[in-house]
Amino acid sequence: MLQDVQIRNRKDGTSFATIVLRDATGKITGIMWDNFESLRNQTIKVNDVVQVTGDVQKFQNKLQMRVTRVSRVNESDVLLNDLLPSTPFPVEELKKEFRGYLAQIRDKDLKRLVQRIFDDPKRWDAFCKAPSAVSMHQGYLGGLLEHTVFVTRNALRIAENYPQVNRDLLVAGALLHDIGKIAEFEYERQIAYTDVGRLIGHIPIGHALIEVECSRIPNFPANKKILIQHMILSHHGHLEFGSPKRPKTLEAIILHHADLLDAQISNYLEIAGNLQKVGAKWEYSPMFERYIFGGTPDMLQAPPTLLETSSQSSELDHPVRPRSGNRAEEGLSKDDLLGLVEDPLEE
C-alpha cells in the first residue's frame, strides 16, 4: 500500500520523491531519484496498491528502500487486509479471554450494560478489528481488542493487592474504557483518524455511548452509570493527555495505571523489536519524550574506566567513617558538593 508521497526540490533545481510503503509486516520509507512522473501527476496516488523494485539499505538506523520503479497493481489480485499490520496474538484467544472477563461480572446492572454494548454483532466485529491507536501503541488490526484484554488483565492483577476494590466496576470500566475507538479510527485501506475521531475523540464518544445505552435499559441505576462514565472520562489520567477529568475513585485510579502500563510497554516493545532488526540500540520515542534503549544487553557499551580494576586496595578494605554533616569538617567545598548532585535537567 502506498501510504504517503512527497515530491521534494533539490538545490540544483531538480526534484526527487519520498514515499512510504506499508504492508502487514510494517512500513518502510523509499526514495526515488528519477522515474517518478506517475507519482507527480497522481496517476499513482496515496492508498493505491503498488509493486516496487529497488534496493534496501540502512539509513540513520532504519531500513530505507532506493526505489527504481513503481507500478500500480490491480486490487482484485490482493487482499487489502494483507497490507495492514495485525495483532501478533491469536484473535480467537483474545476474544475468549475478553468474554471470560465479561462473564465474571456479577453485578446484574453492569453486566447487562456491557453485554448490551458488545452483543451487537456489528459493534463487536468493529471492536475486534479496530486498532488501538494510529502509531503510539498497538496501531494495527486487532489492536483495540488486544489492548483492552491486556488492560483488564493488568487492572485485575493490581486489584489483588487491594481488597477494597469493587471488582465488578473495575472489570466493566476496563472492558468499556476505549469503546469510542471503534468510531475514532478507520482501518479499511489505512490506519488513520476518522473525521469524528479528530473532531470529538474516543473519550467523549465512549461517554456518549454509555449515556445512550443506559437510557435504553429500564431503571438503570444513575450512580453506576456515573461511575462508569467517570472511568471513561478519566482513564488518560491528566487533562493535558485528553482526559476531561482526572481519576477520583479507586477503580478509576487503577484503570488509568493499567491503561498507561500497557500502552507504554507496547510502545517500548515495538521500538525494541524494530531496533534489533537493524542492529541498532537507541531511538527517540514521542510517547516517552526521551531516547529509549532497545538493544540487547551485550550491545550496551560501558566506559573503559568502569571495566578497569585498580591495583590499589578497594574502599571495602577500609571502613567508611560516617559523615558528620558539617561541610567544613568533612573538607568538602561548594564545588565538591555540586559534583555529588545529579543534574535534574539531564533526563
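In this text, all values refer to a predicted model and were calculated from it rather than measured experimentally. (Residues numbered from 1 in each chain as written. Predicted model: local features only at pLDDT ≥ 70, side-chain atom pairs only at ≥ 80, totals over all residues. Heavy atoms only, no water.)

What am I meant to see in the sheet that holds strand β5 (residues 62–72) here?
Pairing between sheet strands relies on hydrogen bonds along the backbone, with the strands arranged either parallel or antiparallel. Taken in spatial order, the five strands make up an open sheet running β1-β2-β3-β5-β4, and their pairing is mixed. Two strands close off the open sheet at either side, each with one partner strand: β1 (2–9) and β4 (50–59). Adjacent strand axes in the sheet meet at a mean angle of 30 degrees, parallel and antiparallel pairs treated alike. The pairing of strand β3 (residues 26–32) with β5 spans three bridges and is parallel. Bridging from a neighbouring strand, I31 pairs with R66 of β5. (Pairing = 2+ DSSP bridges. Helix = DSSP H or I, 4+ residues; strand = E, 2+ residues; numbered from the N terminus. Axes fitted to C-alpha atoms, helices over the stretch in contact; angles between N-to-C directions.)

Got a minute to help me understand the pattern of salt bridges in this structure?
When the charged atoms of two side chains with opposite charge come close together, those side chains can pair. Counting across every chain of the model gives 15 salt bridges. Where D107 meets K224, a salt bridge forms, and the shortest distance between an N and an O atom there is 2.9 Å. Linking D107 in the loop between α2 (91–104) and α3 (108–118) with K224 in helix α10 (residues 222–234), this pair joins segments that are 117 residues apart in sequence. In this structure, D107 and K224 share a single accessibility class: buried. (Salt bridge = Lys/Arg side-chain N within 4 Å of Asp/Glu carboxyl O. Buried < 20%, exposed > 50% of the residue type's maximum accessible area, 1.4 Å probe, protein only.)

How should I be thinking about the pairing of strand β2 (residues 15–23) in this particular structure?
For a regular strand, side chains alternate in direction, first toward one face of the sheet and then toward the other. Most of β2 sits out of view: eight of its nine residues are buried. Where β1 lies against β2, seven bridges are found, and the strand directions are antiparallel. Its bridge partner being in β2, V5 is matched across the sheet by I19. Here β1 folds back onto β2 in antiparallel fashion, the turn holding five residues, of which G13 has a positive phi close to 95 degrees. In this structure, β2 lies alongside β3, joined through seven bridges in antiparallel fashion. Note on β3: the bridge partner recorded for D23 is G26.

Whenever I open this one, the side chain of N267 confuses me. Can you help?
With respect to the helices and strands, the residue N267 is situated in helix α11 (residues 250–277). Overall, the relative accessible area of 7% leaves N267 in the buried class. A polar contact of 3.0 Å, which involves the side chain of N267, links it to the side chain of S285. Excluding residues within four positions of it along the chain, N267 makes contact with M136, H137, S285, M287 and F288. (Polar contact = N/O pair within 3.5 Å; in protein donor to acceptor, adjacent residues only side chain to side chain. Contact = heavy atoms within 4.5 Å.)

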